[in-house]
Amino acid sequence: GDSVTQMEGPVTLSEEAFLTINCTYTATGYPSLFWYVQYPGEGLQLLLKATKADDKGSNKGFEATYRKETTSFHLEKGSVQVSDSAVYFCALLKAAGNKLTFGGGTRVLVKP
Amino acid sequence: EAGVAQSPRYKIIEKRQSVAFWCNPISGHATLYWYQQILGQGPKLLIQFQNNGVVDDSQLPKDRFSAERLKGVDSTLKIQPAKLEDSAVYLCASSLDGRGGYTFGSGTRLTVV
């Protein structure tokens, strides 16, 4: 079946450091790929998405590129802030079925 | 636009008791989902509705969980009887057409003691 694998956290960084969270997926066909963010005590919020190979999703300084050849969708940010502390989830969506499959999440803690 | 509304925010019950959660999706969103998020894990789909019909309930423990979506709008998820391992956040999400990502509610945190 479809699955998403993320690097385990927690990832602890200093403010203004570079962030990378690895995400790889297993799926047949051509899924759409997403990053969701969950701030403490809140629900999931869509951060960015990409719907086909080589697409780059970007939002709030975060970027991720859909790499079909490596089945990856790594999340990056060049300079993190304390407010970026959250849990980040990678997910895939197959057109057939229209349901999201999530990875296990990666907790990021940014220290001042 | 208003977001996905869920209630209650928190619920504590004893094992073997019953509990119900409510979700009001974004107006006009045909697809509604219930996810279970156990602490430290990613959300897992329990059930998917398209209007008032069930599309996928393959991961729903049907011996104790039930869900309905009356008139294709609001939805309720019920657990009876609850077990300790049901402690989790129950997330409701809705989507206009199932593509492009969903909008999630804030969730209901259930603690079974």
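Criteria and thresholds
Residues numbered from 1 in each chain as written. Chains lettered and ligands numbered in written order. Predicted model: local features only at pLDDT ≥ 70, side-chain atom pairs only at ≥ 80, totals over all residues. Heavy atoms only, no water. Core = buried A, V, L, I, M, F, W, Y, C linked by side-chain atoms within 4.5 Å. Buried < 20%, exposed > 50% of the residue type's maximum accessible area, 1.4 Å probe, protein only. Helix = DSSP H or I, 4+ residues; strand = E, 2+ residues; numbered from the N terminus. Pairing = 2+ DSSP bridges. Axes fitted to C-alpha atoms, helices over the stretch in contact; angles between N-to-C directions.

1. Some remarks on the nonpolar core
So, step 1. Counting 26 residues, the largest nonpolar core has Trp35(A), Phe73(A), Leu75(A) and Tyr88(A) as the members making the most contacts within it.
So, step 2. Of all the secondary structure elements, the ones that give two or more residues to this core are strand E2 (11-14), strand E3 (19-21), strand E4 (23-26), strand E5 (32-38), strand E6 (44-50), strand E8 (62-65), strand E10 (86-93) and strand E12 (106-111) of chain A.
So, step 3. Looking at this core, the element that brings in the most residues is E10(A), giving 4 residues.
So, step 4. The next biggest cluster of nonpolar side chains, apart from the first, holds 21 residues, and it includes Val19(B), Phe21(B), Leu60(B) and Ile79(B).

2. As for the sheet that holds strand E8 (residues 75-79) of chain B
Residues and elements named next belong to chain B.
So, step 1. On the basis of which strands lie adjacent, the open sheet formed by 4 strands has the order E1-E3-E8-E7 and antiparallel pairing. The sheet is open, and its two edges are formed by strand E1 (5-7) and strand E7 (65-69), each paired on a single side. Strand-to-strand twist in this sheet, taken as the mean axis angle between neighbours without regard to direction, amounts to 15°.
So, step 2. Bridge analysis of strand E3 (residues 19-24) against E8 gives 5 bridges, and the strand direction is antiparallel. The residue of E8 that forms the bridge with Val19 is Ile79.

3. Description of unusual backbone geometry
So, step 1. With an omega of 0°, the peptide bond between Gly9(A) and Pro10(A) qualifies as cis.
So, step 2. Of note, Pro10(A) is situated in the loop between strand E1 (3-6) and E2.
So, step 3. Put simply, Gln80(B) and Pro81(B) share a cis peptide bond, and its omega is -5°.
So, step 4. Note on placement: Pro81(B) falls in the loop between E8 and strand E9 (88-95).
So, step 5. For Lys60(A), which is not glycine, the phi torsion reads 55° and is therefore positive.
So, step 6. When its relative accessible area of 52% is taken as the criterion, Lys60(A) is described as exposed.
So, step 7. Despite not being glycine, Thr71(A) shows a phi value in the positive range, around 40°.

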